[in-house]
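One-letter residues, chain by chain:
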Amino acid sequence: MNSIIENKKGILHFDGCNTLELVEKYGTPLYVMSETEIVNRFNQLKECFINKYPNTRVAYASKAFCTLAIYQICKREGMCIDVVSGGELYTAIKAGYPPEKIEFNGNNKLRAEIELAVEYGIGRIIVDGLQELSIIEDVCKEKNKKVKILYRITPGVKSSSHDYIVTGKKDSKFGIPLDEDVIMKHIKDAIDSEWVEFLGFHYHVGSQLFDNESHLKATRIILELIKQVKGKFDYDIKEINLGGGFGVKYTDEVRKPYAYFIEPMMEMINDFYNELGVVPPSVVIEPGRSIVAEAGISLYTIGSIKEIRDVRKYVSVDGGMPDNIRPALYQAEYDGVVANKVDEEKNDKVTICGKCCESGDILITDIKITKTAKAGDIFAIFSTGAYGYSMASTYNGNPIPAVVLVKDGDSELIVKGQSYEDMIGNQLMAKKLI
Ligand code: LLP
């Protein structure tokens, strides 16, 4: 357990807050996010990256957890952010985010989204191909504005993670393949364009990684490309973006420090530029999960318990796949505890399931919890801060739960839980059927 998770007299506390009091105040299911832990991650990045190497930035990949309040925290901590849709961009702008600190990723940015990005004057668009470049040029011409762009490349490296979250291999919907005729045409068009300032290259090799090999391979590939661009076009690349993907602890994984990934990449980049006798370009990273995953827990109330003799014991909670789709989608594993019985011996193997009409609505398969767990107890699942709330749905008519931000024993609601009315707020009765 990390330091924000504490057991005080058998009751789970999170960032100084008694989880039972949180439940009393805000109900369940409930997402709880620790500001202390989020800031702690940013501080680690400041120490081993931003403050250590000149001309470096962190752009928090806000797809992992996108709310007004996380943008407020990122802004206060001096971070840049990465958005992947008009909706995330809108949320960031609503939170008062400086547009020049926003970067925009995505494999099929809509014209309307690009228009919004250009109007706001955001810092970077990470471009996925020529089709997108021509839309950007068109929009910029129309608005008489210029934007800074990077190209997202697919470095052709395969990282070891779940297939759905591996993105750097050649057969990917993201980025530009490195076939010489393809990539060079892209680069030439961007250099020649009067509407974009071409800064450099971006890659993202995958997510939840514990091995730095694919990051290093991809960095080597980008540096090689930079050399080719210099040789062919006499053009100096000004920025490289190394993506995110740094793994976190859900169950028994051992988290690697950021430096394990960052140091060898920076060494490789600096060595390359030292040899050329040129100042290295800006270097940006885009972590999402590693900032917020362990900063979040989910709290549920236990309901019905079904014991199938000699087979399995199902412990149902009042949430499930609508608030955490990851186990169903990626077979993701989590750890948890009965929050009001932390001291009790964990000697009963159970399966924690959700309340959806769906056999795959399982949150944790085979976890040991106290034998005395019963309806009304509170069950906490750890490390749900990333891709939990941000992937939530109202499947089976379950309203999206509230999110509370906690810090040193204080709590504040940052997302109101949906009411049934909110949930159907955009629906209309078909007039002809009334
Ligand atoms: N940058 C780009 C361009 C990305 O596509 C991603 C994640 C990130 C940064 C951040 O990666 P992270 O540091 O969070 O690993 N829903 C999945 C994860 C999808 C990740 C997609 N891209 C999950 O719940 O595991």
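Residues numbered from 1 in each chain as written. Predicted model: local features only at pLDDT ≥ 70, side-chain atom pairs only at ≥ 80, totals over all residues. Heavy atoms only, no water.

A look at the layout of surface pockets
Computed from the structure, the largest pocket encloses a volume of approximately 800 Å³. Broken down by secondary-structure element, the contributors of at least two residues to the lining of the largest pocket are α4 (86–94), α10 (289–292) and α11 (326–330). At three residues, the largest contribution of residues to the lining of the largest pocket is made by α4. Of the residues that constitute the lining of the largest pocket, the class distribution is 13 nonpolar, 16 polar and eight charged. (1 Å grid on protein atoms, 1.4 Å probe; cavity = no way out; pocket = protein on both sides within 12 Å on 5 of 7 lines; lining within 4 Å. Points joined across faces, edges and corners; volume = space filled by probe spheres on them. Helix = DSSP H or I, 4+ residues; strand = E, 2+ residues; numbered from the N terminus. Nonpolar A, V, L, I, M, F, W, Y, C, P; charged D, E, K, R; others polar.)

Notes on the packing of aromatic side chains
On inspection of all chains with the given rule, the structure shows eleven aromatic pairs. Here the aromatic rings of Y31 and Y389 are separated by 5.6 Å at their centres, their planes lie at 85°, and the arrangement is edge-to-face. In this pair, Y31 sits in strand β4 (residues 30–34) while Y389 sits in the loop between β19 (378–382) and β20 (402–407), placing the two residues 358 residues apart along the sequence. Judged by its relative accessible area of 3%, Y31 falls in the buried class. Ring centres of F246 and Y258 lie 5.7 Å apart, and the angle between their planes is 90°; on these two criteria the pair is classed as edge-to-face. Placement of F246 in the loop between β12 (239–241) and α9 (258–276) and of Y258 in helix α9 is noted, with a sequence separation of twelve residues between them. (Phe/Tyr/Trp six-rings, centres within 6.5 Å; stacked < 30°, edge-to-face > 60°. Buried < 20%, exposed > 50% of the residue type's maximum accessible area, 1.4 Å probe, protein only.)

Structural notes on the site of the ligand
Near the ligand you find 18 residues, and of these S207, E286, R289, R326 and Y387 are the closest. The contact in question runs from an oxygen atom of the ligand to an N or O atom on the side chain of S207, over 2.3 Å. Compared with its free state, where it exposes 580 Å², the ligand has 92% of that area covered by protein. Because more than half of its atoms lie within 2 Å of the grid, the ligand is assigned to the largest pocket. Its residues assigned to classes, the shell around the ligand shows six nonpolar, seven polar and five charged. (Near = heavy atom within 4 Å. Polar contact = N/O pair within 3.5 Å; in protein donor to acceptor, adjacent residues only side chain to side chain. Areas by Shrake-Rupley, 256 points an atom, 1.4 Å probe, with all protein chains shown as cover. Sits in = over half its atoms within 2 Å of the grid points.)

Describing the pairing of strand β6 (residues 80–83)
The two faces of β6 match: C80 and D82 on one face and I81 and V83 on the other face are all buried. Direction of pairing for strand β5 (residues 56–61) relative to β6: parallel, over a ladder of three bridges. The residue of β6 that forms the bridge with A61 is D82. Each parallel crossover has a hand, and for β5 linked through helix α3 (residues 68–76) to β6 it is right-handed. Two strands pair when backbone bridges link them, and β6 and strand β7 (residues 102–104) are joined in this way by three bridges, in the parallel orientation. Within the sheet, the bridge partner assigned to V83 lies in β7 and is F104. (Pairing = 2+ DSSP bridges. Right-handed = clockwise from strand over helix to strand, strands pointing away.)

Things to note about the domain arrangement of the protein
Each domain of the protein was delimited in the assignment, giving domain 1 (5–33 + 294–423) and domain 2 (35–292). Put simply, the middle of domain 1 and the middle of domain 2, counted by C-alpha atoms, are 33 Å apart. Each partner contributes residues to the interface: domain 1 has 25 residues there, and domain 2 has 23 residues. Summed over both partners, the interface of domain 1 with domain 2 comes to about 2200 Å²; 61% of that surface belongs to carbon and sulfur atoms. On the domain 1 side of the contact with domain 2, E294, Y330 and Y387 bury the most area, a combined 29% of that side's loss. Linking domain 1 with domain 2 are two salt bridges. E294 is the salt-bridge partner of R255, the closest N and O atoms lying 2.5 Å from each other. At the junction of domain 1 with domain 2, the criterion picks out twelve residue pairs in polar contact (both at pLDDT 80 or more). Mapped by element, the contributors of at least two residues to the side of domain 1 that touches domain 2 are α11, β20 and β21 (410–415). (Domains from an automatic or database assignment. Contact = heavy atoms within 4.5 Å. Buried area = accessible area lost by both parts, 1.4 Å probe. Salt bridge = Lys/Arg side-chain N within 4 Å of Asp/Glu carboxyl O.)

Considerations on unusual backbone geometry
Across the junction of T28 and P29, the peptide omega takes the value -10°, indicating a cis bond. By the secondary structure assignment, P29 is in the loop between α1 (19–26) and β4. The backbone of Q331 sits at a positive phi, close to 55°, despite the residue not being glycine. Tracing the backbone through its elements, the reader meets Q331 in the loop between α11 and β16 (336–338). Backbone geometry at N396 places phi at a positive 65°, although glycine is not the residue there. Here N396 shows up in the loop between β19 and β20.

Thoughts on the sheet that holds strand β1 (residues 5–8)
Ordered in space as β1-β2-β3, the three strands form an open sheet in which the pairing is antiparallel. In this open sheet, the two edge strands, each paired with only one partner strand, are β1 and β3 (17–18). As paired elements, strand β2 (residues 11–14) and β3 share two bridges and run antiparallel to each other. Among the inter-strand pairings, F14 is bridged to a residue of β3, identified as C17.

Observations regarding the packing of helix α2 (residues 35–50) against α9
Close contact between α2 and α9 brings their axes to 10 Å; oriented N to C, the two are set at 30°. Relative to α9, the element α2 is oriented roughly parallel. Crossing handedness for the pair α2 and α9: right-handed. Along its contact with α2, which presents R41, Q44, L45, C48 and F49, the element α9 presents Y258, A259, I262 and M266. Here the residues of the contact of α2 with α9 are counted per class, giving seven nonpolar, one polar and one charged. (Axes fitted to C-alpha atoms, helices over the stretch in contact; angles between N-to-C directions. Parallel < 35°, antiparallel > 145°, perpendicular 65-115°, else oblique. Left-handed = near helix turned anticlockwise from the far one by under 90°.)

Overview of the packing of α4 against helix α5 (residues 111–120)
Relative orientation of the contacting elements α4 and α5 amounts to 25°, with a least axis distance of 9 Å. By the angle between their directions, the pair α4 and α5 is classed as roughly parallel. Note on packing geometry: the crossing formed by α4 with α5 is left-handed. Facing G86, L89, Y90 and I93 of α4, the residues of α5 in contact are E113, L116, A117 and Y120. Classifying every residue of the contact of α4 with α5 gives six nonpolar, one polar and one charged.

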